[in-house]
Amino acid sequence: MGFQAPLLSADSARSREMLAQVHPEDLIRFGMIPEFVGRIPVVAALHELDQAALVRILTEPKNSLVRQYEIMLSFEGVQLRFTEDALSAISDEAIARKVGARASRSSSRSSCSR
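Residues numbered from 1 in each chain as written. Predicted model: local features only at pLDDT ≥ 70, side-chain atom pairs only at ≥ 80, totals over all residues. Heavy atoms only, no water.

## Topic: the overall build of the protein
The helix and strand tally for the protein stands at seven helices and zero strands. The N-to-C order of helical and strand elements in the protein reads α-α-α-α-α-α-α. Burial status across the protein gives 19% buried among its 114 residues. By sequence separation, contacts in the protein at least 24 residues apart represent 45% of the contacts at least 6 residues apart. For the protein, the accessible area works out to roughly 9100 Å², and carbon and sulfur atoms hold 57% of it. (Helix = DSSP H or I, 4+ residues; strand = E, 2+ residues; numbered from the N terminus. Buried < 20%, exposed > 50% of the residue type's maximum accessible area, 1.4 Å probe, protein only. Contact = heavy atoms within 4.5 Å. Areas by Shrake-Rupley, 256 points an atom, 1.4 Å probe, with all protein chains shown as cover.)

Structure representation (C-alpha cells):
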C-alpha cells in the first residue's frame, strides 16, 4: 500500500478483501491527517459493476434512463422500446469504457449514433 506500491490487478480477490477491511486508523497510518479522516463519516470499498447490475440500473429505478428516454420521445409521438440485446450492448459499452453506471447516459447516446 502507498503511492509507490506496485499495482495489483483489479481482479485480485486479495486486494478486494483488504479494501473491504479498511478502517479510519488505517487511513491515518497511510498518511492522511486525522482532521481529514475525521470528516469522512463512512469508509466503504466499492467494486466494479457487472453487466447484470448495469442493466438493472438502466431499467429498475423509478426514474431510470430507459424510462426517461421512452417518456422524452413519447412527447414527439415516438414509441421507444429497448430490447434485452440493446440493454446488454449499452452495459457492455459502459464496461468496455470503464465508465460505470453514471456514464451510461453517454454510453447509450454513442451506441445509438452508430
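## Considering the packing of helix H4 (residues 51–59) against helix H6 (residues 84–97)
H6 packs onto H4 with a crossing angle of 115° between their chain directions and a minimal axis gap of 9 Å. For the pair H4 and H6, the crossing hand works out as right-handed. Counting all contacts with H4, which are made through Gln51, Leu54, Val55, Leu58 and Thr59, the residues of H6 involved are Leu87, Ser88, Ile90, Ser91, Asp92, Ala94 and Ile95. Its residues placed into classes, the contact of H4 with H6 shows seven nonpolar, four polar and one charged. (Axes fitted to C-alpha atoms, helices over the stretch in contact; angles between N-to-C directions. Left-handed = near helix turned anticlockwise from the far one by under 90°. Nonpolar A, V, L, I, M, F, W, Y, C, P; charged D, E, K, R; others polar.)

## Re the side chain of Ser64
Following the sequence through the fold, Ser64 ends up in the loop between H4 and helix H5 (65–74). For Ser64, a relative accessible area of 2% puts it in the buried group.

## Looking at a nonpolar patch on the surface
Together, Met72, Leu73 and Val78 make up an exposed nonpolar region whose accessible area comes to about 230 Å². Note on placement: Leu73 falls in helix H5. Assessed through its relative accessible area of 31%, Leu73 is described here as partly exposed. (Patch = residues over 30% accessible without salt bridge, like charges linked within 9 Å, V, L, I, M, F, W, Y side chains within 5 Å. Salt bridge = Lys/Arg side-chain N within 4 Å of Asp/Glu carboxyl O.)

## So, unusual backbone geometry
Although it is not a glycine, Lys98 adopts a positive phi angle of roughly 55°. Tracing the backbone through its elements, the reader meets Lys98 in the loop between H6 and helix H7 (104–112). With relative accessibility at 74%, the residue Lys98 sits in the exposed group.

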